[in-house]
Amino acid sequence: MKISQLMLFGVFFIGISSIEAQEKTSLTLDEAVKMAWEKSNEVTLANTKVNSKKYELQSVKNNQYPDLKISGQYQRLTKASIDMPNQGESASLASPDRAMIGMANLSLPLFAGFKIQNNIDAYESLYEAETVTAEKTKEDVALRVITYYTALYRAQKTLDVLNENQKSAKQRVTDFIELEKNGIIPRNDLLKAQLLVSKTQLSIDEATNNLNNINFYLVTLLKLEPSVKIQVNEDDFFNLKTTNAPTSDAVALENRKDLEAIRLQQKASESNIKIAKAGYYPTLSLLGGYTALDLKDIITVKYAMNFGLGLSYDLSGILKNSAHVKQAESRALEVKNTEAIMTDRIKVEVQKSIEDYDLAINQSVVYEEAFQQAAENYRLVKDKFDNGLSDTNDLVEADVEQLSAKINTAVAKAAIIQKYYELLSVSGQLSQSFNLSKI
């Protein structure tokens, strides 16, 4: 009976372990970014806005084509009285009981002060602006993925280092218990070692909480199940290339999508000025039509075709239209000033990102040296402690310094990658680095 219970427990444990193993998913950064592009709500909304602008453009283009309208009527008449004075008093006409009318009208704009073409130009610019705005949205989503991904690696690495250090700390406590029993060390030294284990455990709990939160943020962005645990492979992570980093703002001013969108909006605003000025001109249209009429037993009209020109000129608009022109010019000036402000902001962002990237590289070198120094210091202190030349305070302090150096070294390497992609983002080159334009 006991054997059966043990087997049942073993099968249950194996099943639970298999489920946990299945929930862990290893994703490269490239895969995570592309997955976000395909599933993100922000990207879907951006693409929808592009389609809306596309349909608006098609609607405006339709204004250059003829308008063709047809209409027809069928009416029943009740004892209609027909009076035809020119036929004399003896004229007697039957009273019709129905009337049918059919008409077709054609109107083709010939000239409207170039309003139609300028309107098309404006909407084409707005459509292109929305397209590049969608690309900027995709870059922003990609940067969010990168931020979460690198943070996830830092959290995982920190937790690994803490767990590794905790094993050593617990083993030290075990050794100190025996030494304290034999009277080799005072109880105070044992308590210090146990206190270090407790502090390390608190750090492990905090790191685990941080890891779970970051993992949830990332799986939510990628539209994965909340139970999925993403595992960052260290080899894949550090194989990411961080070469050819931009060194000036020239690339950013050429490639930033948000700046390009503002420039296209400026182009649209210039077209809107021309549209407003079209109010000073008359409109000329080509007109055509066809009419058919049947008044039973009285008159039948067929093949009544007409054509000609239609002219419309709003004379009062000559005085009133200046306000519309000034309004359009003012809005164009607003966009121009916005472009100037954004240009300055981009220069600041690029300079800051360059400095942050260089700082991350320099810090990584320093942290690596500090780790080597901390490791050597711990080795020397440990030797002194084993030979009775150093106390527990020195040993614990050296251990904490080595742990801190390990964590800083791991975090610093991830910081270089994070700052590199941030620099690419502010320079407008993030899409090219992942080849996202093909997604």
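Residues numbered from 1 in each chain as written. Predicted model: local features only at pLDDT ≥ 70, side-chain atom pairs only at ≥ 80, totals over all residues. Heavy atoms only, no water.

The protein goes by TolC family protein in an unreviewed UniProt entry, where it is assigned to Flavobacterium hungaricum. Turning to the protein, the UniProt annotation filed under Sequence similarities (unreviewed entry) states: "Belongs to the outer membrane factor (OMF) (TC 1.B.17) family." (UniProt positions renumbered as here; feature names shortened; annotations may be inferred.)

K.L.:
Please give an account of the overall build of the protein that cites residues and values.
P.N.:
Looking only at helices and strands, the protein features 11 helices and 6 strands. Computed over C-alpha atoms, the radius of gyration of the protein comes to 40 Å, more than 25% over the 22 Å expected from 2.2 N^0.38 for 439 residues, which places it beyond the range of a compact globule. Across its three principal axes, the protein shows a C-alpha extent of roughly 145 × 70 × 30 Å. Taking all 439 residues of the protein together, 32% fall into the buried category. A separation threshold of at least 6 residues defines the contact pool for the protein, and within that pool the share at least 24 residues apart is 82%. (Helix = DSSP H or I, 4+ residues; strand = E, 2+ residues; numbered from the N terminus. Rg over C-alpha atoms; globule rule 2.2 N^0.38 Å. Buried < 20%, exposed > 50% of the residue type's maximum accessible area, 1.4 Å probe, protein only. Contact = heavy atoms within 4.5 Å.)

K.L.:
Summarise the packing of aromatic side chains; cite the residues concerned and give the values.
P.N.:
Describing an aromatic ring pair means giving the distance of the ring centres and the angle of the ring planes. Under the criterion given, the structure shown has 9 aromatic pairs. Measuring from ring centre to ring centre gives 5.8 Å for Tyr148 and Tyr217, while their planes differ by 40°; the resulting arrangement is tilted. Remark: Tyr217 occurs in helix H5 (residues 187-221) and Tyr148 occurs in helix H4 (residues 115-181); sequence separation between them is 69 residues. Taking 4.5 Å as the distance between ring centres and 20° as the angle between the ring planes, the aromatic pair formed by Tyr153 and Phe237 counts as stacked. Residue Tyr153 is located in helix H4, and its partner Phe237 is located in helix H6 (residues 234-238); the two are separated by 84 residues in the primary sequence. Overall, the relative accessible area of 3% leaves Tyr153 in the buried class. These aromatic residues form a ring-pair network of at least three members: Tyr149, Tyr153, Phe237 and Phe238. (Phe/Tyr/Trp six-rings, centres within 6.5 Å; stacked < 30°, edge-to-face > 60°.)

K.L.:
If you had to explain the nonpolar core to someone new, which residues and values would you point to?
P.N.:
With 54 residues, the main nonpolar core has Leu29, Val33, Val145, Leu222, Ile230 and Tyr421 as its most contacted residues. Elements with a minimum of two residues in this core: helix H2 (29-39), H4, H5, helix H8 (257-277), helix H9 (317-386), helix H10 (392-426) and helix H11 (430-434). Ranked by residue count, the leading element in this core is H4, at 12 residues. Formed by 12 residues, the second largest nonpolar core is a distinct cluster that contains Ile185, Tyr378, Phe385 and Leu395. (Core = buried A, V, L, I, M, F, W, Y, C linked by side-chain atoms within 4.5 Å.)

K.L.:
Summarise the packing of H4 against H8; cite the residues concerned and give the values.
P.N.:
Taken N-terminus to C-terminus, the directions of H4 and H8 make an angle of 165°; their axes are 8 Å apart at the nearest point. Considered as vectors, H4 and H8 are oriented roughly antiparallel to each other. Judged by the twist between their axes, the crossing of H4 over H8 is left-handed. When its residues are assigned to classes, the contact of H4 with H8 shows 8 nonpolar, 7 polar and 11 charged. (Axes fitted to C-alpha atoms, helices over the stretch in contact; angles between N-to-C directions. Parallel < 35°, antiparallel > 145°, perpendicular 65-115°, else oblique. Left-handed = near helix turned anticlockwise from the far one by under 90°. Nonpolar A, V, L, I, M, F, W, Y, C, P; charged D, E, K, R; others polar.)

K.L.:
Tell me about the environment of Gln266, and please be specific about residues and values.
P.N.:
Mapped onto the elements, Gln266 comes out in helix H8. The class of Gln266 is buried, set by a relative accessible area of 13%. Along the sequence, Gln266 and Tyr153 sit 113 residues apart, while their C-alpha atoms lie 43 Å from each other. Other than its neighbours up to four places away in sequence, Gln266 contacts Ala332, Val335 and Lys336. Here Lys336 takes part through its backbone nitrogen, which lies 3.2 Å from a polar atom of the side chain of Gln266. (Polar contact = N/O pair within 3.5 Å; in protein donor to acceptor, adjacent residues only side chain to side chain.)

K.L.:
Describe the packing of H4 against H10, and please don't skip the residues or the numbers.
P.N.:
Two elements in contact, H4 and H10, have axes whose closest approach is 10 Å; the angle formed by their N-to-C orientations is 170°. Comparing their axes, H10 and H4 come out roughly antiparallel. The element H4 and its partner H10 pack so that their crossing is right-handed. A breakdown of the residues in the contact of H4 with H10 according to their chemical character gives 14 nonpolar, 7 polar and 8 charged.

K.L.:
I'd like a description of the layout of surface pockets, backed by residues and values.
P.N.:
Within this model, the largest pocket holds a volume of roughly 540 Å³. Along its surface, the largest pocket is lined by 27 residues, and Asn272, Ile275, Ala276, Asn321 and His324 are the ones closest to its centre. The element contributing the most residues to the lining of the largest pocket is H9, with 10 residues. For the lining of the largest pocket, the residue count by class is 12 nonpolar, 10 polar and 5 charged. (1 Å grid on protein atoms, 1.4 Å probe; cavity = no way out; pocket = protein on both sides within 12 Å on 5 of 7 lines; lining within 4 Å. Points joined across faces, edges and corners; volume = space filled by probe spheres on them.)

K.L.:
Which residues make up a nonpolar patch on the surface, and what are the values?
P.N.:
A contiguous nonpolar surface patch, about 440 Å² in accessible area, is contributed by Tyr313, Leu315, Ile318 and Leu319. With respect to the helices, strands and loops of the structure, Leu319 is situated in helix H9. (Patch = residues over 30% accessible without salt bridge, like charges linked within 9 Å, V, L, I, M, F, W, Y side chains within 5 Å. Areas by Shrake-Rupley, 256 points an atom, 1.4 Å probe, with all protein chains shown as cover. Salt bridge = Lys/Arg side-chain N within 4 Å of Asp/Glu carboxyl O.)

K.L.:
An account of the pairing of strand S5 (residues 283-295) is requested, with residue identities and associated values reported.
P.N.:
The two faces of the sheet receive side chains in turn, since in a regular strand these alternate between them. The sheet contact formed by strand S3 (residues 98-111) and S5 spans 12 bridges and is antiparallel. Across the sheet, the residue bridging to Ser107 is Leu287, located in S5. The hairpin formed by S5 and strand S6 (residues 299-312) contains 3 residues between the paired strands, and Asp297 there has a positive phi angle of roughly 65°. (Pairing = 2+ DSSP bridges.)

K.L.:
How would you sum up the sheet that holds S5? Please name residues and give values.
P.N.:
Strand pairs in the sheet, formed through backbone hydrogen bonds, run parallel or antiparallel to each other. Spatial strand order, S2-S3-S5-S6: 4 strands in an open sheet with antiparallel pairing. Among the strands making up the open sheet, the edge pair consists of strand S2 (67-76) and S6. Taking the axes of each pair of neighbouring strands and ignoring which way they run, one obtains an average angle of 10° across the sheet. The pairing of S5 with S6 spans 12 bridges and is classified as antiparallel.

K.L.:
Report on the environment of Ile299, specifying residues and quantitative values.
P.N.:
Among the structural elements, Ile299 can be located in strand S6. On the basis of relative accessibility, which here comes to 39%, the residue Ile299 falls in the partly exposed class. A sequence separation of 200 residues divides Ile299 from Ala99, and the C-alpha atoms of the two residues are 9.7 Å apart. With residues near it in sequence (within four places) discarded, Ile299 still touches Leu293 and Asp294.

K.L.:
Now, about unusual backbone geometry: what can you tell me, with residues and values included?
P.N.:
Note: most peptide bonds trans; most residues except glycine with negative phi. The backbone of Lys223 shows a phi angle near 60°, a positive value even though the residue is not glycine. Structurally, Lys223 is set in the loop between H5 and strand S4 (229-231). For Lys223, a relative accessible area of 41% translates into the label partly exposed. Positive phi values are uncommon outside glycine, yet Tyr303 reaches one of about 55°. Assignment of secondary structure puts Tyr303 in strand S6.

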